[in-house]
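Chains, contacts and geometry: an overview
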Amino acid sequence: MENVENMQTIKIAIDGPAGAGKTTISKELARFFGFLYVDTGAMYRAVALKAIRNHINLNDEDTITDMLETTSVNLKSTADGGYQVLLDDEDVSSLIRTLDIATAASQVATIQSVRIKLVEFQRKIAATDNVIMDGRDIGSYVLPHANIKIFLTATIEDRAVRRFKELQERGSATTFEQVKRDIKFRDKNDSSRAFAPLMVARDAMVVDTSDNSLDTSIELLKEIIREKLYELLYGAEANA
Ligand code: CDP
């Protein structure tokens, strides 16, 4: 078993469909364990925002690929422990949290050149920091050797209710039906795309958050991760 001196960075992958609680849970886990939180969905959302601003058809692979040559997407940590999403150095953190951008992100995320560029960036971050990275393809494609892989899920009804509440808190006028439609669209689109689709990695632990509050799920995951980290650092026998 590796010990702490010769171990590379620790990588925790959290995947799952929209509204399963990935972001809220991952942020808290990252704060608790002192890891860097990497929100890969925000990167796809930022690319979608730029395409929309430039009036590019979201299925137009060639034009979007060209656009990427002059596009930078970054996550910048802030003093309060949060992060800003920077698109060409502009803070777009709030602008990307709309239903339209979520739908558009799912469309641009089917384009291979978009995924290749963002995945390269995501792997670079994970090479230098201990990360909790959330997304759709982290355990299956971005970080296939992640030390811990969790797949968070919940019923469509529960996920839609959660997302609807979040959007209401942000002052959005979106209806529950619109939210549910977007989630259904993205579930199908994200799972059926050819390149790096949403899937449960072979060695991932599936956690269903339907019957639990997010707080209960966070406590459960802290326990799971704590045990795994202990094993990684000190060997399985130390935990017996
Ligand atoms: O927060 P929510 O789960 O609703 O979405 P998100 O994580 O911000 O991701 C927005 C969209 O980006 C998803 O519907 C996916 O189409 C895409 N995405 C992806 O393809 N791969 C990732 N690793 C993360 C997001």
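In short, a report on the structure.

Bringing the overall build of the protein into the picture now. Counting secondary structure elements, the protein contains nine helices and eight strands. Taking 240 residues into account, the globule formula puts the C-alpha radius of gyration at 18 Å, and the protein, at 18 Å, falls close to it. Evaluated residue by residue, the protein yields a buried proportion of 50% over its 240 residues. The long-range share in the protein, meaning contacts at least 24 apart out of those at least 6 apart in sequence, stands at 73%. Total accessible area on the protein is roughly 12000 Å²; 49% of this is exposed by carbon and sulfur atoms. Side-chain charges in the protein split into 30 positive and 37 negative, and the spacing between the mean points of these groups amounts to 3 Å.

Ordered by their spatial adjacency, three strands build an open sheet running β3-β4-β5, and the pairing between neighbours is antiparallel. Of all the strands in the sheet, just β3 (73-77) and β5 (90-91) have a single pairing partner and so form its edges. When β3 meets strand β4 (residues 83-87), the two strands line up antiparallel, connected through five bridges. What sits directly across from S77, in β4, is Y83.

Another aspect to go through is helix α5 (residues 112-128). A rise of 1.5 Å per residue sets the reference length of α5, with its 17 residues, at 24 Å; its end C-alpha atoms lie 25 Å apart and thus fit the reference within 8%. When we look at burial in α5, the residues that qualify are V114, R115, L118, V119, Q122, I125 and A126. One side of α5 carries all its buried residues, which in axial view fall inside an arc of 120°. Facing away from the buried side of α5 by over 90 degrees, the exposed positions are K124, A127 and T128.

A few words on the packing of aromatic side chains. Evaluated as defined, the whole model comprises five aromatic pairs. Here Y37 and Y83 contribute two aromatic rings whose centre-to-centre distance is 5.5 Å and whose plane-to-plane angle is 70°, an arrangement assigned as edge-to-face. Residue Y37 is located in strand β2 (residues 36-39), and its partner Y83 is located in strand β4; the two are separated by 46 residues in the primary sequence. Just as Y37 is buried, Y83 falls in that class too. Pairing Y141 with F195 gives two aromatic rings, centres 5.3 Å apart and planes at 70°, and the pair type is edge-to-face. One end of the pair, Y141, is in helix α6 (residues 138-142); the other, F195, is in the loop between α8 (176-192) and β8 (205-208), and 54 residues separate them in sequence. For R123, the ring lying beneath its charged end belongs to Y141, and the centroid distance is 5.0 Å. The residue whose ring lies beneath K222 is F32, and the NZ or CZ to ring-centre distance is 4.2 Å.

Right, let's get into unusual backbone geometry. A positive phi angle, near 45°, is found at D88, a position not held by glycine. Locating D88 in the fold gives a position in the loop between β4 and β5.

Let's shift gears to the pattern of salt bridges. Working definition: two side chains of opposite charge can pair if their charged atoms are close together. Applying the stated rule across the entire model yields 15 salt bridges. R115 is the salt-bridge partner of D137, the closest N and O atoms lying 2.8 Å from each other. Remark: R115 occurs in helix α5 and D137 occurs in the loop between β6 (131-135) and α6; sequence separation between them is 22 residues. Between R226 and E223 there is a salt bridge; the shortest N-O distance is 3.0 Å. Placement of the pair is R226 and E223 together in helix α9 (residues 214-234), with a separation of three residues, close to one helical turn. Owing to a relative accessible area of 40%, E223 belongs among the partly exposed residues under this scheme. Residues joined by salt bridges that share partners form a network here, namely E28, R31, E219 and K222.

The rules behind the values
Residues numbered from 1 in each chain as written. Predicted model: local features only at pLDDT ≥ 70, side-chain atom pairs only at ≥ 80, totals over all residues. Heavy atoms only, no water. Helix = DSSP H or I, 4+ residues; strand = E, 2+ residues; numbered from the N terminus. Rg over C-alpha atoms; globule rule 2.2 N^0.38 Å. Buried < 20%, exposed > 50% of the residue type's maximum accessible area, 1.4 Å probe, protein only. Contact = heavy atoms within 4.5 Å. Areas by Shrake-Rupley, 256 points an atom, 1.4 Å probe, with all protein chains shown as cover. Lys, Arg positive; Asp, Glu negative; His and termini not counted. Charge placed at Lys NZ, Arg CZ, Asp CG, Glu CD. Pairing = 2+ DSSP bridges. Expected span 1.5 Å × (residues − 1). Arc of directions from axis to C-beta. Phe/Tyr/Trp six-rings, centres within 6.5 Å; stacked < 30°, edge-to-face > 60°. Lys NZ or Arg CZ within 6 Å of the ring centre and 35° of its normal. Salt bridge = Lys/Arg side-chain N within 4 Å of Asp/Glu carboxyl O.

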